[in-house]
Amino acid sequence: MKQLLFCLFFLFGALFGVSCTKSTDAASAQQSEFSQDIRLGMLRINATGKNISLGTNEPTAKANERPIMNVDFSYDFSIGKHEVTCGAFNDLMKPLTGLILSCAHDSLPASDLTYYDAILYANAYSKAENLDTAYTYVKATFDAENHCTNLEGFAFHPEVETYRLPSEAEWVYVASQNWNVEKGWNAENSDYQLHAVCSIEVSENIPCDMAGNVMEWVNDWLVYFRDTSVTNYVGSPDGDALGQRVVKGGSFRNAEKSITLYSRGDVYTVTSATRANYVGFRMAFGAIPDATWMNASGNVVVSRTVPLAGASTVRALTGTYRTKLAFRNDITGNLAFVDYSGGTNMVIEITDTLEVYHPEISPDGKKVAFSTGFEGVSGKSALYVRDLNASGSNLVKLDVESAVIPRWRVLENGDTVIVYVTDASNNEDESVFKSASTWQVKFSDGKFGTAEKLFDGAFHGGISEDNTLAVTGARLLRARIADSGSTLTGIAQNSLWYNGEQACNASLAKDSSKRTLFLDFGGKTGREFVGENYGTHERLLVANAQGALIQSVAAPSGYSFDHSEWTSNGNLVVATLTNVNGAHQKIVLVNMTDSSVTELMEGDELWHPSLWANFGAILEADNILDLDSAGIYLSEDHQMEQVRFRIKMEKFWKNLEKTEVVLVGSSRMEMGTDPDLFPEWNMLNFGVTGIDPNRNYYFIYNYLLNHSERLKAIAVSIDIDFWRGREDHLEHVRLAGVGYDYDANHSFWKDGVPAGFVEAVENAYPAPVEESVRFTDRGGLTIPVRSWDADGVDVLYDSAFTETELQYLDKNLAEFKNLTEKAAEKNIYIIGIIFPQAPQYKNTGAFGAYGLPRSIAVQKIAYLDSLDKAEPYFILMDENKMGNHDYSDEMAHNRDHLSFLGAQKLTARIDSVLRTLKW
């Protein structure tokens, strides 16, 4: 232990103990806000009773930075004097995860790490002090370099007194006390490189480097603000559809004027798996009492629900990503759901005044039925159906006196009906039980038909496929069994099962097995079958079609089951787990084949789960296909570029037989062309955010030229200002899913796409729905009008290219020439497009947003022009003309991207070029 403490104090010194000898009087009035903390290298922030404004009302700011939201503090906390250093990070994390950050010296801030890397560091630091951790998770995923790219079941616990990342509100409060961008490392003074922590404008009791040097991860998901005031704000319990995170403070590569207190992001989309050499973090310490959460819709969250299993885990159980989970949040009374096919684990809660019990998802997965009453309680109940979406649209009510516990069925004639009972109260008294009845009503085109009575007795546990068995259990386990050759509405007998002992939560299997799932109260019959004693609801019990017990599954230690239901998969059961105090804290999926229990969801009170899986999506594909690999172009630990590539790969395969012109390249191509403007060309926009010519060449050589039967032309973005080799986007994309290697191992299907392959792509791990719906079938986007200087006209990297970068540029220009020759062999034209950028770059000495001296740019464009003249199948479209172009301000979105108006103009010019070519 003494050795551990010695190492810990040494670590404190490495992390927080960098000597800071400079001083300033600028913040002397603010010194009282900060004081030395007992934790080495940390400052105590006296925030109780204080407040801060997040965001801005500046109309030109990004939508996620508006409007101003006021945050009050009722607590104090501690924050690191500076960012965590590279040396401190490596000392702690190398033995734990094997991750070693590359840095010129140990006093530089730790950077080029994911949000999850920072989280694991905070947890490790807490454990080193024998503290609980602020973050929990179920499973960690690491890449080849040992960076953490995903934490399945991730949850933040603000109530724990321990180390963590600062919240955005905490970060802004601290930074605002001494905000001075001029005194930070930025593009004007940094030489575009990191500097040691606390190496500029330092005061003893003021945090340093809040502005500049590295951007900093903070704790929050990136969601919208509201024009309101909240106390102890900690952000959203989960992210938006893209899972975006907040980074603060700007970096050494940002222009001074672009670094603001209200800025929350980067040039690129930032997710938990993103990393960059200009993003780091600093530590905070302390509990946040009575934390206020606000979801992606801007609503204060009364009861937080945390997904514990990702889409891939669920798919491993159900066999398909097309899976949805609906349940009641008993704290709010609202319907909540997760759509695992949406590429995100975001919990969506439909907020209204209706009580929601026993929700059941429709056979097509698009709607949900529910009642306002529930099992074991007498009284009137209403039955509703609504769309299973964020707004719960198209709500309809069944016009009957009382209806409770809806269950969907598809009849032999193809009709979809809902079976319900008139009362679901205690069924122990047979006369009371028989006074209720079981009904069904057709539901079609969003409307109820006429309800028809099936039989007396409230059999709300379900009706078998062959219409010969119905069950119920609301104190006693009862069954209605049709006589031989008859059905339930004909000659049938009522029977009392389980020896008349107490039982509940009866659920009849949705396959042909006629198995009845139920819970008991540790009764004699159950104990004798199991061979041991157990408590109330501590076992799932299964009876066969005659009522005899055939299976039992034990609840996890410390829990009991409730609200158990069969899913549409014959061997999966969804249920809630209750703790020793009776709180329904978790939703689980039980595999009845091996008795394994997988936790899906955690919350305060989660009731009545319903799990739907589209088993029609489980393919009967050619034997050549491995459905665990085919079309898997994305996984859960993804970033925006990988998401976009997955979207475009699906569109490529689906449009393969008709595409004639493909637009390939960076986000400039993605945003700056409109493939739907001239439908006669059957264009496909395969532009994707991120600039890497090798990524473009890989896709063209292996996918386009191997499937070129109809292909006439390929337009390629020529981004010479960033052809400098700093980022490997090709490897980044390929690591997103095993589908890319699977394609390569099958020669990219150049001898023919096997049957079922396109369907495999469609049903593979999906891109977030909110992102995929932005694109047209041809990959088009509608980019809003802003202006060339909407985000400032900065040179984001050093304008000068190193000798190595110039060699990389020349190498890729040579490869571009090779591409034109390979395409010409197949009579395919290559159209090289230099996209327009802000004309203000004419005054900077740089060609464009990412640099390149203008004198060198002139030389490289001259080379491309000579290639145009020499190669009959190559056409150069220089739309930038060294900034002297004719794309007006309203045709721009920002410094180097066009708006939809600019995209229309440029696409029209592509059309003009195409019409001059000979096929």
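Residues numbered from 1 in each chain as written. Predicted model: local features only at pLDDT ≥ 70, side-chain atom pairs only at ≥ 80, totals over all residues. Heavy atoms only, no water.

1. Quick look at the overall build of the chain
Summing up its helical and strand segments, the chain has 17 helices and 50 strands in all. Taken along its principal axes, the extent of the C-alpha atoms in the chain is 95 × 75 × 50 Å. Taking all 919 residues of the chain together, the buried fraction comes to 60%. When contacts within the chain are restricted to residue pairs at least 6 apart in sequence, long-range pairs at least 24 apart make up 67% of them. (Helix = DSSP H or I, 4+ residues; strand = E, 2+ residues; numbered from the N terminus. Buried < 20%, exposed > 50% of the residue type's maximum accessible area, 1.4 Å probe, protein only. Contact = heavy atoms within 4.5 Å.)

2. Focus on the confidence of the model for the chain
With 96% of its residues at a pLDDT of 70 or more, the chain shows a mean pLDDT of 92. Taken together, the stretch residues 1-31 has pLDDT below 50 and engages in 57 contacts with residues farther than four places along the chain or on a different chain. (pLDDT = per-residue confidence, 0-100.)

3. Topic: the nonpolar core
Within the largest apolar cluster, 90 residues are counted, with the highest numbers of intra-cluster contacts made by Trp653, Phe686, Ile714 and Phe816. Once you skip the residues sitting within four places of it in the chain, Trp653 turns out to touch Tyr633, Tyr703, His707, Asp743, Phe748, Trp749, Val753, Phe757, Val758 and Val761. (Core = buried A, V, L, I, M, F, W, Y, C linked by side-chain atoms within 4.5 Å.)

4. So, the side chain of Lys248
Its location among the elements puts Lys248 in strand S13 (residues 245-248). Owing to a relative accessible area of 1%, Lys248 belongs among the buried residues under this scheme. A distance of 2.8 Å separates the side chain of Lys248 from the backbone oxygen of Leu261, its partner in a polar contact. Leaving out residues up to four positions away in the same chain, Lys248 has contacts with Glu168, Trp171, Val172, Met215, Glu216, Val218, Leu261, Tyr262, Ser263 and Arg264. (Polar contact = N/O pair within 3.5 Å; in protein donor to acceptor, adjacent residues only side chain to side chain.)

5. Quick word on the packing of aromatic side chains
Both the distance between ring centres and the angle between the ring planes are used here to describe each pair of aromatic rings. Applying the stated criterion across every chain, the model contains 51 aromatic pairs. Measuring from centroid to centroid gives 6.3 Å for Tyr357 and Trp607, while their planes differ by 50°, and the two rings are tilted. With Tyr357 in strand S22 (residues 357-361) and Trp607 in strand S41 (residues 606-613), this residue pair connects regions lying 250 residues apart in the sequence. Like Tyr357, the residue Trp607 is buried in the burial classification. Sitting above the plane of the Phe433 ring, Arg478 keeps its charged end 4.9 Å from the centroid. Just above the ring of Tyr887 sits the side chain of Lys905; from NZ or CZ to the centre is 5.1 Å. (Phe/Tyr/Trp six-rings, centres within 6.5 Å; stacked < 30°, edge-to-face > 60°. Lys NZ or Arg CZ within 6 Å of the ring centre and 35° of its normal.)

6. Examining the pattern of salt bridges
One pass over the full model with this rule turns up 50 salt bridges. For the salt bridge of Arg407 with Glu565, the shortest nitrogen-to-oxygen distance reads 3.0 Å. With a gap of 158 residues between them, Arg407 in strand S26 (residues 404-410) and Glu565 in strand S37 (residues 560-566) connect regions that are remote in the sequence. Residue classification places Glu565 among the buried positions, given a relative accessible area of 16%. For Lys869, the salt bridge goes to Asp865, with nearest N and O atoms at 2.6 Å. With Lys869 and Asp865 both in helix H16 (residues 854-870), this residue pair falls 4 residues apart, about one helical turn. Overall, the relative accessible area of 32% leaves Asp865 in the partly exposed class. Through salt bridges with shared partners, a single ionic network connects Arg644, Lys648, Glu670, Glu771 and Arg774. (Salt bridge = Lys/Arg side-chain N within 4 Å of Asp/Glu carboxyl O.)

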